[in-house]
Amino acid sequence: MLSTSEATRGRPDALGDVPGTPDLALTRSVILYWDRQVIGASQPHVDDIGVGLVLEGRYAASTSVLDLGSTRLRELDLSRELAVLGWVRSETLAHVLDLLAAQQGAPDLISRPDQRVGPYCFGLGLRVLAGLGFSAATRPAFLRIGFRDLRRDFDPDGRRGIRVDLGEQGIASFELDVDDLTLRIRLDRARDASLLETALNRSFPGLTVRRAGMLQRASTVLYEARVPLPRSVNETRELMRTLRAGLIRLVARFEPARYEELARSLEIFGHRDTLLRFHPATTASAVMLEPVVTVEPSLTVH
């Protein structure tokens, strides 16, 4: 039997460095991504769900990805972190590219995605998540989807989250950090921040709201509240119900006219609850997609 040294003597490359990045073409893959992977000046969007379809992925160091929630294009660096949720068929990718190409003549392609592209891609994202289920890896996506529903119910035009007008006390903007599990509240043009602090603790009795400090602009105060760690889709929905109830209390106190309009709208149409689609009794029918959209779920983390 040859020793290790004898066996490798004729193969000078046998003990060479192990490459850190696999030679893997990511085109057609559906991935999880984080803000820290974004290359360039592209800013996060409130409709992002952190699940993207790789449109062009021959080189992991610069990959073109379409977020399946906002349908905004992102250039990502996937060479250090990579979580592949599944793969779509070539026909599916071609269909998405056709939808994007069909709106090339429309103004502001990226910031105003075509109405056909949005539902189609969002449905694709739901299909992937339904196949994988709830886990520590997919939790951020489920949280983003839930908070996306809240924003669309309360403030569909909000670009920085959900805004509540406090009158002379300023404007509060609510955002959910799904990685740190923190509800962040920015108070602009604050005159008496203590008033908001009292109102926040009364409106969200299950959360502890604390002042986190001042931002670069002296007129902006930041508050934070840690939210419970959801361990299932149902617990995520319960968290969204808690946040929804708190926001309703704030709107009712500071914007009574808006509250009446909101209450009337919710009474007629009900509140959005996309996460209900992942309930076992509804999943089969709620995430059905066109035959061309076939996804092979398989969580692979690098």
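Note that this is a predicted model, so its numbers are computed, not measured.

Participant: How should I be thinking about the packing of aromatic side chains in this particular structure?
Facilitator: Geometrically, a pair of aromatic rings is defined through the distance of the ring centres and the angle of the planes. Scanning the entire structure with this criterion turns up 3 aromatic pairs. The interplanar angle of 45° and the centroid separation of 5.3 Å between the aromatic rings of phenylalanine 134 and phenylalanine 142 together place this pair among those described as tilted. The rings of Phe134, Phe142 and Phe278 are connected pair by pair, giving a single aromatic cluster. For arginine 148, the ring lying beneath its charged end belongs to phenylalanine 122, and the centroid distance is 4.2 Å.

Participant: What exactly am I supposed to notice about the pattern of salt bridges here?
Facilitator: Pairing between side chains of opposite charge can happen when the charged atoms of each approach one another. Tallied over the full model, the rule gives 17 salt bridges. For glutamate 175, the salt bridge identified is with arginine 186, shortest N-O distance 3.9 Å. Of the two residues, glutamate 175 is situated in strand 7 (residues 171–177) and arginine 186 in strand 8 (residues 182–188); the sequence distance between them amounts to 11 residues. Given the relative accessible area of 26%, arginine 186 is considered partly exposed. Taken together, the shared-partner salt bridges in this structure form one network comprising Asp47, Arg148, Arg151 and Arg152.

Participant: Would you mind going over the packing of helix 2 (residues 90–102) against helix 3 (residues 117–132) with me for this structure?
Facilitator: Taken N-terminus to C-terminus, the directions of helix 2 and helix 3 make an angle of 155°; their axes are 10 Å apart at the nearest point. Compared by their axis directions, helix 2 and helix 3 come out roughly antiparallel. In this structure, helix 2 meets helix 3 at a crossing whose hand is left-handed. For the pair helix 2 and helix 3, contact is made by Thr92, His95, Val96, Leu99 and Leu100 and by Val117, Tyr120, Cys121 and Leu124, respectively. Class assignment for the residues of the contact of helix 2 with helix 3 results in 7 nonpolar, 2 polar and no charged.

Participant: Is there a simple way to explain the nonpolar core in this structure?
Facilitator: If you look at soluble globular proteins, the nonpolar side chains tend to sit buried side by side. In this structure, Phe174, Leu183, Ile185, Leu200, Phe204 and Leu243 are the most contacted members of the largest nonpolar core, which totals 33 residues. When contributions to this core are tallied by element, the ones reaching two or more residues are helix 4 (139–154), strand 6 (162–165), strand 7, strand 8, helix 5 (193–203), strand 10 (221–226) and helix 6 (233–254). For this core, the element with the most residues is helix 6, which contributes 7 residues. Setting aside chain neighbours within four positions, we find leucine 200 in contact with Phe174, Ile185, Val209, Tyr223 and Leu250. Core analysis: the next-biggest nonpolar cluster, separate from the first, contains 30 residues, Val51, Val88, Leu100 and Cys121 among them.

Participant: Can you help me understand helix 2 in this one?
Facilitator: Owing to its 3.6 residues per turn, the α-helix brings residues three or four apart onto one side. Over its 13 residues, helix 2 runs 18 Å from end to end, which matches the ideal 18 Å to within 8%, given 1.5 Å per residue. Turning to helix 2, the residues buried within the fold contact strand 2 (51–56), strand 3 (63–67), strand 5 (83–88) and helix 3.

Participant: Got a minute to help me understand the packing of helix 3 against helix 4 in this structure?
Facilitator: Geometrically, a packed helix pair is captured by the angle between its two axes and the distance between the axes. At a minimum axis distance of 12 Å, the contact between helix 3 and helix 4 shows a crossing angle of 140°. Considered as vectors, helix 3 and helix 4 are oriented oblique to each other. Crossing of helix 3 over helix 4 shows left-handed handedness. Judged by residue contacts, Phe122, Leu126 and Leu129 of helix 3 engage Ala141, Phe142, Ile145 and Arg148 from helix 4.

Participant: Looking at this structure, I do not really get the pairing of strand 2. What am I missing?
Facilitator: Each regular strand carries side chains that alternate between the two faces of the sheet. Within strand 2, 5 of the 6 residues are buried, which leaves it mostly tucked inside the rest of the structure. The pairing of strand 1 (residues 29–32) with strand 2 spans 3 bridges and is antiparallel. The residue bridging isoleucine 31 from the neighbouring strand is glycine 52, located in strand 2. Taken together, the 4 bridges between strand 2 and strand 3 define a ladder with antiparallel strand orientation. If you follow glycine 52 over to strand 3, its bridge partner there is aspartate 67. Here strand 2 hands over to strand 3 after 6 residues, the two strands then running antiparallel side by side.

Cut-offs and rules
- Residues numbered from 1 in each chain as written.
- Predicted model: local features only at pLDDT ≥ 70, side-chain atom pairs only at ≥ 80, totals over all residues.
- Heavy atoms only, no water.
- Phe/Tyr/Trp six-rings, centres within 6.5 Å; stacked < 30°, edge-to-face > 60°.
- Lys NZ or Arg CZ within 6 Å of the ring centre and 35° of its normal.
- Salt bridge = Lys/Arg side-chain N within 4 Å of Asp/Glu carboxyl O.
- Helix = DSSP H or I, 4+ residues; strand = E, 2+ residues; numbered from the N terminus.
- Buried < 20%, exposed > 50% of the residue type's maximum accessible area, 1.4 Å probe, protein only.
- Axes fitted to C-alpha atoms, helices over the stretch in contact; angles between N-to-C directions.
- Parallel < 35°, antiparallel > 145°, perpendicular 65-115°, else oblique.
- Left-handed = near helix turned anticlockwise from the far one by under 90°.
- Contact = heavy atoms within 4.5 Å.
- Nonpolar A, V, L, I, M, F, W, Y, C, P; charged D, E, K, R; others polar.
- Core = buried A, V, L, I, M, F, W, Y, C linked by side-chain atoms within 4.5 Å.
- Expected span 1.5 Å × (residues − 1).
- Pairing = 2+ DSSP bridges.

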